[in-house]
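# Coordinate inspection notes
One letter stands for each residue in the lines below.
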Amino acid sequence: MAIKLNLFVAFLMIYIYYFTEVYSRLEVTNIQCESLDKDFALIEYCFLKSVNRSYKYISIKANLLQPPVTKVKLHFGLYQRLNGYKPFLYNITFDACKFLKSPKSNPVALYFYNFYKDYSNMKHPCPFDHDIILDKLPYDKINNMVTKILPFPEGNYMFEADWIAYDIPRAVTKIYLSLTS
Ligand SMILES: *[C@@H]1O[C@H](CO)[C@@H](O)[C@H](O)[C@H]1NC(C)=O
Ligand SMILES: *[C@@H]1O[C@H](CO)[C@@H](O)[C@H](O)[C@H]1NC(C)=O
């Protein structure tokens, strides 16, 4: 009986995941960028734009005030809104300078990088001596980046990216997402 029940639950979960994956739609509901150290980095712009029903994107530009920057870490976290945002699925930090020197050395970072690299000027090895730009990253890419690892349940989520230079957090980007079927 216990085994049958487990099988049933497993089947149900696979079914729900399948269903969620096939029919889910992701909307970006808000984006926030904040400089945590205004002597180090300023946010020039950070916005969502809806061109039409199928083409929506985000753009971000940050000015680096103390170039060149030779030590950069990125933290990516996904949070699910329950009562408050709770950690969900992943929480990773990696050395962006090491990664950009040899992308294949870090498959997890490479996974994220492949979604945004065509829209960013952060793809050469360190140092960074210019503004950091994310130009017109389409919602489709964000959708794939967030949900391809595992299809997951409907709800509200927040993707957070922390920008850490010389081991001090300097800026934070939060992308708010809503997943519906
Ligand atoms: C939406 O806008 C893009 C870019 O201007 C265009 O290529 C695309 O055809 C438009 N799609 C629809 C459904 O109007
Ligand atoms: C993410 O992981 C780091 C250690 O790897 C930990 O210190 C931190 O508390 C975690 N954050 C969340 C929100 O779970």
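For the structure given in this document, a descriptive report is provided here. Predicted, not measured: the structure shown is a model, and the values here were computed from it. (Residues numbered from 1 in each chain as written. Chains lettered and ligands numbered in written order. Predicted model: local features only at pLDDT ≥ 70, side-chain atom pairs only at ≥ 80, totals over all residues. Heavy atoms only, no water.)

Along the protein chain, the regular secondary structure elements total four helices and eight strands. The helix and strand sequence of the protein chain, counted from the amino end, reads α-β-β-β-β-β-α-α-β-α-β-β. For the protein chain, long-range pairs separated by at least 24 residues make up 59% of all intrachain contacts whose partners lie at least 6 apart in sequence. As displayed, the protein chain offers around 10,700 Å² of accessible surface, 58% of which is attributable to carbon and sulfur atoms. (Helix = DSSP H or I, 4+ residues; strand = E, 2+ residues; numbered from the N terminus. Contact = heavy atoms within 4.5 Å. Areas by Shrake-Rupley, 256 points an atom, 1.4 Å probe, with all protein chains shown as cover.)

The next point concerns the site of ligand 1. Near ligand 1, the surroundings consist of Val51, Asn52, Ser54 and Tyr55. Asn52 has a polar side-chain atom sitting 2.3 Å from an oxygen atom of ligand 1. With the chains in place, 31% of the 360 Å² that ligand 1 exposes on its own is no longer accessible. Classifying every residue of the shell around ligand 1 gives two nonpolar, two polar and no charged. (Near = heavy atom within 4 Å. Polar contact = N/O pair within 3.5 Å; in protein donor to acceptor, adjacent residues only side chain to side chain. Nonpolar A, V, L, I, M, F, W, Y, C, P; charged D, E, K, R; others polar.)

Here we take up the site of ligand 2. Around ligand 2 sit Tyr79, Pro87 and Asn91, and that is every residue in its neighbourhood. One of the side-chain N or O atoms of Asn91 is found 2.3 Å from an oxygen atom in ligand 2. Protein coverage of the free-state accessible area of ligand 2, which is 360 Å², stands at 32%.

Taken residue by residue, helix H3 (residues 107-116) has Ala109, Phe112, Tyr113, Phe115 and Tyr116 as its buried positions. Seen from one end, H3 has its buried residues packed into an arc of 160 degrees, which puts them on one side. Contacts from the buried residues of H3 go to strand S4 (72-82), strand S5 (84-95), helix H2 (96-101), strand S6 (132-138), helix H4 (139-147) and strand S7 (155-165). (Buried < 20%, exposed > 50% of the residue type's maximum accessible area, 1.4 Å probe, protein only. Arc of directions from axis to C-beta.)

With that settled, consider empty space enclosed by the protein. In total, this model carries three cavities of 30 Å³ or more according to the counting rule given. For the largest cavity, the lining is made up of 33 residues, of which Leu74, Met122, Ile132, Trp163 and Thr173 are closest to its centre. Among the secondary structure elements, those contributing two or more residues to the lining of the largest cavity are strand S2 (41-50), strand S3 (56-64), S4, H3, S6, H4, S7 and strand S8 (168-180). (1 Å grid on protein atoms, 1.4 Å probe; cavity = no way out; pocket = protein on both sides within 12 Å on 5 of 7 lines; lining within 4 Å. Points joined across faces, edges and corners; volume = space filled by probe spheres on them.)

For the rest of this paragraph, the subject is the layout of surface pockets. In this model, the largest pocket occupies a volume close to 200 Å³. Lining the largest pocket are Arg25, Leu26, Glu27, Arg53, Ser54, Tyr55, Lys56, Tyr139, Asp140 and Asn143. At the level of elements, strand S1 (25-35) and H4 are the ones that each hand at least two residues to the lining of the largest pocket. For the lining of the largest pocket, the per-class residue count stands at three nonpolar, two polar and five charged.

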